[in-house]
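Here's the letter readout for the chains.
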Amino acid sequence: MENENWQIVYFTLGVSILSTLLILPGGVALAWLLARPRWMGKSLVETLVALPLVIPPVATGLILLKLLGRRGVLGSFIEKTFGVEIVFTWRAVVIAIGVMSFPLLVRTSRVAFEGVNPRLEEIARTLGAGELRIFFTVTLPLAARGIIAGTILAFARALGEFGATIMVAGNIPGKTSTIALSIYQFVQLSQDSAAFKLLGVSVLMAFGAVWISEFVLRKRSSIR
Amino acid sequence: MRDRNLPEGDFNNPAVKSIIRSLAVALALATGLLASSLRAAEVYVCAAASLTDALKEIAVTYDKESGDTLIFNFAASSVLARQIEEGAPADLIVSADEAKLDALEKKGLLLPGTRKSILSNTLVVVVPADSAINIKAARDLAGPDIKKIALGEPSSVPAGIYAKAYLEKLGLWEQLAGKIVPTENVRAALAAVESGNVEAGIVYKTDAMISKKVKVAFEVPESEGPKISYPLAVIKESKAPDAAKKLAAYLDSGPAGAVFEKYGFIMKH
């Protein structure tokens, strides 16, 4: 495969890893909150988080474009305050794939938190542990496998994101072209062999990611 | 009396009855629509994105006069050519460059003797309507005020190919390559300028004319710019070749020409 195509693969891996790391703390925190018993506005937050999963990715992209564009509320604020441009740059790619993969992380992690036996937390509490300590020494380790699986799923989703990315980041060779965008571009150009090479790489990466996440999840259930 | 074979409530239930009734109405409507659409020919037209507004206006008159129905597929000509190669249903193609039809012709996908160049266009450099940046010539695009320039994808989309050829002729391409935001088609380049997300764009004059959100910084004189040509041809696999030929002749005629010219196109004859 040509250097140019490897650059696309490395870029895609890079932005996917970065976006996954960025959504991880917030995603886990939100998953934990959603696993708690009823609180005000819980179902609203639940629905909002699931939205990128169910509305068309280009619609999510459009919302992001309007928010982050130079004349958007967030975009103009960020450009004025930090002098950083978002749309049509790699930053837009990271944001788009982060938003699109966020629900997968939250939903999988939430199930993991819900699977933690509340009695164990109760016991820790009666032994005098603070809430933060309970979270980091009891809840988080017990939910870890599910969270890892969710992280890998989110990462795999990030690798393949197309619709939201092309809306906010465009398809700029060497700057914002991910594997998915490049496959599309190569097909438009009738360069099917290049498209198939990238297709092969993305199938391998996605297969690996999903297989690892299945493996991690299965291991947990066999322990029980 | 209730039929014993029927489970309790099924067809006598008022709710079920009303559902069946509305289904029957929907079915009748659908058959009616289908029947009326079968009477006249449906002509699938694959047309360059830059032709969107002009062709839509022409279609209103044409549908009424001919009784045929035009169904449009607007995209970059590169996308259209690709779709036709893959066997998409199409009767007529109107491309924004000759190269796409050359490729289709070579593959034997065009009906021989139907190809004809009908229109021309010119390139313009556009900036957002409220932009304060002063651009008078192509070399001004190299200035530090211009961070991004939107144009059609320069290796496939005709408007991008033309824009690149123009910048190359001026020796500016290498210098500007890092600023280029390639788009799906020429209208996407226009939209990027409209939204203010890029400082400038290179589009057809006809695209600039339909937008109130951009202003033309300068027009590339026809003599300096690349030769822009819009050819059309009937697709070999067309299911309505006669209707397609009739439409092709109409698009090259006076009434259609008047609409094209209104939108800023240049008729070839």
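Residues numbered from 1 in each chain as written. Chains lettered and ligands numbered in written order. Predicted model: local features only at pLDDT ≥ 70, side-chain atom pairs only at ≥ 80, totals over all residues.

If you tally the helices and strands in chain B, you get ten helices and eleven strands. The C-alpha radius of gyration of chain B comes to 24 Å, more than 25% above the 18 Å expected for a compact globule of 269 residues. With respect to the principal axes defined by its C-alpha atoms, chain B has extents near 90 × 45 × 35 Å. For chain B, the share of sequence-separated contacts (at least 6 apart) that also reach a separation of at least 24 residues comes to 76%. (Helix = DSSP H or I, 4+ residues; strand = E, 2+ residues; numbered from the N terminus. Rg over C-alpha atoms; globule rule 2.2 N^0.38 Å. Contact = placed C-beta atoms within 7 Å.)

Of the regular secondary structure elements, chain A holds ten helices and zero strands. Listing every helix and strand of chain A by position from the N terminus yields α-α-α-α-α-α-α-α-α-α. C-alpha extents for chain A along the principal axes are approximately 65 × 45 × 30 Å.

On to the interface of chain A and chain B, then. With eleven residues of chain A in contact, the opposing surface of chain B contributes twelve residues. Of the residues contributing to the side of chain A that touches chain B, the split by class is four nonpolar, five polar and two charged. (Nonpolar A, V, L, I, M, F, W, Y, C, P; charged D, E, K, R; others polar.)

A separate point is the sheet that holds strand 2 (residues 69-75) of chain B. All names here are of chain B. The mixed open sheet is built from six strands, whose spatial order is 2-1-3-10-4-11. The open sheet has two edge strands with one neighbour each: strand 2 and strand 11 (266-267). Two elements, strand 3 (residues 92-94) and strand 10 (residues 230-234), share three bridges in a ladder whose sense is antiparallel. Bridge pairing in strand 10 places Leu92 opposite Val234. Where helix 9 (residues 241-251) meets the sheet, its contacts fall on strand 1 (42-48), strand 3, strand 4 (116-120) and strand 10, and the angle it forms with strand 10 comes to roughly 155°. (Pairing = 2+ DSSP bridges. Axes fitted to C-alpha atoms, helices over the stretch in contact; angles between N-to-C directions.)

A few words on the packing of helix 3 (residues 77-85) of chain B against helix 4 (residues 98-106) of chain B. All names here are of chain B. Remark: helix 3 packs on helix 4, axes separated minimally by 9 Å, with the N-to-C direction vectors making an angle of 10°. Taken together, the axes of helix 3 and helix 4 are roughly parallel relative to one another. Contact residues: Ser77, Ser78, Ala81 and Ile84 in helix 3; Lys100, Ala103 and Leu104 in helix 4. For the contact of helix 3 with helix 4, a count of residues per class yields four nonpolar, two polar and one charged. (Parallel < 35°, antiparallel > 145°, perpendicular 65-115°, else oblique.)

The next point concerns the sheet that holds strand 8 (residues 200-204) of chain B. Residues and elements named next belong to chain B. Read from one edge of the open sheet, five strands run 7-6-8-5-9, paired in mixed fashion. Edge positions in the sheet fall to strand 7 (180-183) and strand 9 (214-219), since each has one partner strand and no second. Direction aside, the axes of adjacent strands within the sheet are offset by 35° on average. Sheet topology places strand 6 (residues 149-152) next to strand 8; two bridges connect them, and they run parallel. For Ala150, the partnering residue across the bridge sits in strand 8 and is Gly201. Running at roughly 120° to strand 6, helix 5 (residues 158-169) makes contact with strand 5 (123-128), strand 6, strand 7 and strand 8 of the sheet.

Residues and elements named next belong to chain B. Inspection of helix 10 (residues 254-262) places Ala256, Val259 and Phe260 among the buried residues, and these make up the whole buried set. Axial view of helix 10: buried residues confined to an arc of 100°, hence all on one face. Away from the buried face of helix 10 by more than 90 degrees, exposed residues Gly254, Pro255 and Ala258 are located. In the core, the buried residues of helix 10 are packed alongside helix 2 (52-66), strand 4, helix 9 and strand 11. Looking one or two residues beyond helix 10, the residue adopting positive phi is Gly264, at roughly 100°. (Buried ≥ 20, exposed ≤ 12 C-beta atoms within 10 Å, placed from the backbone. Arc of directions from axis to C-beta.)

Residues and elements named next belong to chain B. When its domains are assigned, chain B resolves into domain 1 (40-120 + 229-267) and domain 2 (123-219). Centre-to-centre, using C-alpha coordinates, domain 1 lies 26 Å away from domain 2. Residue-level contacts link 14 residues of domain 1 with 16 residues of domain 2. Elements with a minimum of two residues in the side of domain 1 that touches domain 2: helix 2 and helix 3. Tallied by class, residues from the side of domain 1 that touches domain 2 come to seven nonpolar, five polar and two charged. (Domains from an automatic or database assignment.)

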